[in-house]
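Here is how the chains run, residue by residue.
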Amino acid sequence: MMEPLLRAHALHLAFGRTEALRGASAEVAPGEVLALTGPSGSGKSTLLLCMAGVLRPQAGSVTYEGRRLDDLSEDDRTRLRRREFGLVLQFGQLVPELSAVQNVMVPLLLERHDRQAARTSALGWLDRLGAADVADAQPGEMSGGEAQRVAMARALVTGPGLVFADEPTGALDTVSGEQVMEVLLSTVRETGASVVLVTHDNRVAAYADREVVLRDGVAEGRPAVLP
Amino acid sequence: MIVLAGLLLRTGGWLRPLLVAACTAVVTALVLVAVAMAMLSGRPDELLFDVVADPGTRGGAAFGTVLLTVPLALLLHQALRLGNAARQRRLAGLRLAGATTREVRLLGAAEVAAPAFVGAVAGVLLFGVLRVLLGGGQGGAFLAIGGTSHSVGLVPTSVTPPWWAVLLVVLAVTLVGLVLGLRSGREVALSPHGVSRHQRARPPRPWGALLLVAAAAIVPLAVTRSGLVAASLAAITLAVLGLMTLAPWSAYALGRLAQKRVTNVAGLLAAQRLVTEPRPAGRAGAAVGGIGLVAGGLGGLFGDLFASGTLEFFYVFSVVLVALCLLGTLLVVSLTLAVHSAESLTDRRRSMSSLYALGVPAEEIRSSQLWEGGLVAVPMSLFGALVGALVMGVLSGGGIMSLLLAIAGVVVTPLLALAAVWLAVALTAPVARRAIDPENLRTA
């Protein structure tokens, strides 16, 4: 059986009285594209944020390459995300005051890369994702598709082994959404990274190798990696 | 990290760092003036105004100079909140890009510390300028009245604070700015998926009243000749601290009261704002309360001087000087309120524009700003002026002229406070116009 890259097992998480996750499990294999789908409020974004180490589950475990994420401190999880994960959210969530290239440079500068080297690398990723034209534009001057490409460049610039994308096309029109998905998947196929994707759009889910459906905080279907 | 901090400083807008630097510059200069006054011993060999030259009153002059930094610290506190929502989104964006909470805190601190330090250093230069303009040496500040030349030099030039004292003041002022900056973001948690507000803080409590009671208890001591200076300074310090800590509760209580009594839309909007966020209006209220306290006392003092026929240059100029300081402070309060209003309107632009879209006139929304400031500033200044007049009445032993001028002080101060609120509303008129733009419904 293929060893999963990341395993989330029996996760429970409640926000006040609302139980977002009630024993949800999911695994992702190296190089695999996994889609988490389900109706609104089913807990798919919460599961993704727990798998990415952004949220800490109240019960259950998240294991990445043999390490328990839920045992790590907040800062250690952040450093792990910075070095080994990429994170793309629905609206890009770029730093509004920084230009596209500066946004992409941020993870590298936090890793104490040389400014010039960081800029060169960031420009390279923007070019690769088809966003070189907006390198010096600020997020407010970009279209939704451009901003999402920049967010992807920021997520990929450190060479992550696993990319988490929460509704990456949710704020885009159909054509832009398809373009963004194609750019993301062709890039991760080249780098060999895995992707965990949250979507409620069947067309986006169709890009995935496997789909886990969530309902009321529980995963249905095939949460585990098949042999 | 340093590169990133520099990048954020350059791209984060200029108004906030400018205000922070301006505040720390003036605070540093004022503290250095007080240090220079404290360094004088005996009667100096330079022509200074008697309040500074006389060893008996010099301590009070230095203390008053330091007190002038209080409203500036309140403005600094408010300025640090300017653009807070955008700043928090920026820092949350950095968390998403992989910055740890500690790194975000450091970057946030650098955003405040850098302008605070630059301002503090500029304050040393400002101190130099004040020495030239208001110095007591040859070619210093003089005022010719009726053929007689009077020295109005306020900044000693025969002594210079040593380098280590200057360094200490610069670092201390920077540190104060840094601490206030770190406090300004504590109500929210920044995570990679956005900004979330911590559970709402409990409403303010009236503990400041205890300090006011303590100040009142000291006043009888101040009347006795032996304890006059020390007890007066202690009473003033306690009264100022009491007003500052009581003011947020007062704003909250006045907001609650207005919620029950006021029937117009502007008043209700203002009352709701005061109840949900009483601290900014409270801070401005504290400052006008302090102004009222001194103005009330000043009215009584001037009346006492008038009645006793001792209207000499020394007394008149002292009163004018304090009055000028009060007006300057009122201007700072006005700026503080303007900064708060601008920030508050920008934060609430979606709800403001929806009110406008629902048919609430723009004028009503603007007058809600006036209500918000006025509901706190007018009663606080009135209260301060009454206390000041009462204390001065006790100290001076009363007299009809003293009473009349104290009443004048009590009447004029709330009007001046209202003028300060009006000025703040006028200054933020362009922000108010943008806040009700229906476009906000789509984009904000």
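None of these values were measured; they are calculated from a predicted model.

## As for the pattern of salt bridges
Link 1 in the chain: With the rule as written, the count across this model stands at 20 salt bridges over all chains.
Link 2 in the chain: One salt bridge in this structure joins A:Asp209 and A:Arg189, with 3.7 Å as the shortest N-O distance. A residue pair is termed long-range when its members are at least 10 positions apart, and A:Asp209 in the loop between α7 (202-205) and β9 (210-215) and A:Arg189 in helix α6 (residues 174-191) qualify at 20 residues.
Link 3 in the chain: Residue classification places A:Asp209 among the partly exposed residues on the basis of a relative accessible area of 43%.
Link 4 in the chain: Between B:Arg273 and B:Glu277 there is a salt bridge; the shortest N-O distance is 3.0 Å.

## A short note on empty space enclosed by the protein
Link 1 in the chain: All told, the structure shown has 5 cavities of 30 Å³ or more when counted by the stated rule.
Link 2 in the chain: Here the largest cavity defines a volume of roughly 120 Å³.
Link 3 in the chain: What lines the largest cavity is A:Arg81, A:Arg82, A:Phe85, A:Gly86, A:Leu87, A:Pro107, A:Arg154, A:Ala155, A:Thr158, B:Leu96, B:Ala97 and B:Gly98.
Link 4 in the chain: Of all the secondary-structure elements, those providing two or more residues to the lining of the largest cavity are α2 (74-84), β6 (85-88) and α5 (144-156) of chain A.
Link 5 in the chain: Sort the elements by how many residues they give to the lining of the largest cavity and β6(A) lands first, with 3 residues.
Link 6 in the chain: Volume-wise, the second largest cavity comes out at about 90 Å³.
Link 7 in the chain: Forming the boundary of the second largest cavity are B:Ala281, B:Leu337, B:His340, B:Ser341, B:Gln369, B:Glu372, B:Gly373, B:Val421, B:Ala424 and B:Val425.
Link 8 in the chain: Counting residues per element, the ones that place at least two in the lining of the second largest cavity are α13 (313-347), α15 (362-396) and α16 (400-427) of chain B.
Link 9 in the chain: Residues that form the lining of the second largest cavity fall into these classes: 5 nonpolar, 4 polar and 1 charged.

## Comments concerning the environment of B:Leu48
Residue and element names in this part refer to chain B.
Link 1 in the chain: Mapping leucine 48 onto the fold places it in the loop between α2 (15-39) and α3 (50-53).
Link 2 in the chain: By relative accessible area, leucine 48 is classed as buried at 5%.
Link 3 in the chain: Considering only alpha carbons, one finds leucine 48 and proline 156, 108 residues apart in sequence, at a separation of 7.1 Å.
Link 4 in the chain: Here leucine 48 is in contact with Leu40, Ala53, Gly136, Ser151, Gly153, Leu154, Val155 and Pro156, once residues within four sequence places are set aside.

## Observations regarding the side chain of A:Arg81
Link 1 in the chain: Examined against the element boundaries, A:Arg81 turns out to sit in helix α2.
Link 2 in the chain: Of the buried charged residues, A:Arg81 lacks a salt bridge, with A:Glu74 as the closest side chain of opposite charge at 4.6 Å.
Link 3 in the chain: Filtering out sequence-adjacent residues up to four positions away, A:Arg81 remains in contact with A:Ala52, A:Gly53, A:Val54, A:Gly86, A:Leu87, B:Arg95 and B:Pro192.

Rules used in this analysis
- Numbering of residues starts from 1 in every chain and runs along the sequence as written.
- For this description, chains carry letters from A and ligands carry numbers from 1, given in the order in which they are written.
- At least 70 in pLDDT is required for a residue's local features to be given in this predicted model, at least 80 for side-chain atom pairs to be given and counted, and no such filter applies to totals for whole chains, interfaces and linings, which use all residues.
- Just so you know, side-chain values use all the structure's heavy atoms and leave hydrogens and water out.
- A pair is scored as a salt bridge if a Lys or Arg side-chain nitrogen falls within 4 Å of a carboxyl oxygen belonging to Asp or Glu.
- Helix and strand definitions follow DSSP, with helices as H or I runs of at least four residues and strands as E runs of at least two, each counted in order from the N terminus.
- Any residue under 20% of the maximum accessible area for its type is buried, any over 50% is exposed, and the rest in between are partly exposed; the area is computed with a 1.4 Å probe on protein chains only.
- Using a grid of 1 Å spacing that covers the protein atoms alone, one calls a set of points a cavity when a 1.4 Å probe fits there but cannot get out, and a pocket when the set is open and has protein on both sides within 12 Å along at least five of seven lines; lining residues are those with an atom within 4 Å of a point.
- Grid points are joined across faces, edges and corners, and a volume is the space filled by probe spheres set on the points.
- The nonpolar class holds Ala, Val, Leu, Ile, Met, Phe, Trp, Tyr, Cys and Pro. Asp, Glu, Lys and Arg form the charged class, and all remaining residues, Gly among them, are polar.
- Contacts were defined at the residue level, with two residues in contact if any of their heavy atoms lie within 4.5 Å.
- Counted charges follow a simple rule, with Lys and Arg positive, Asp and Glu negative, and His plus the chain ends left uncounted.

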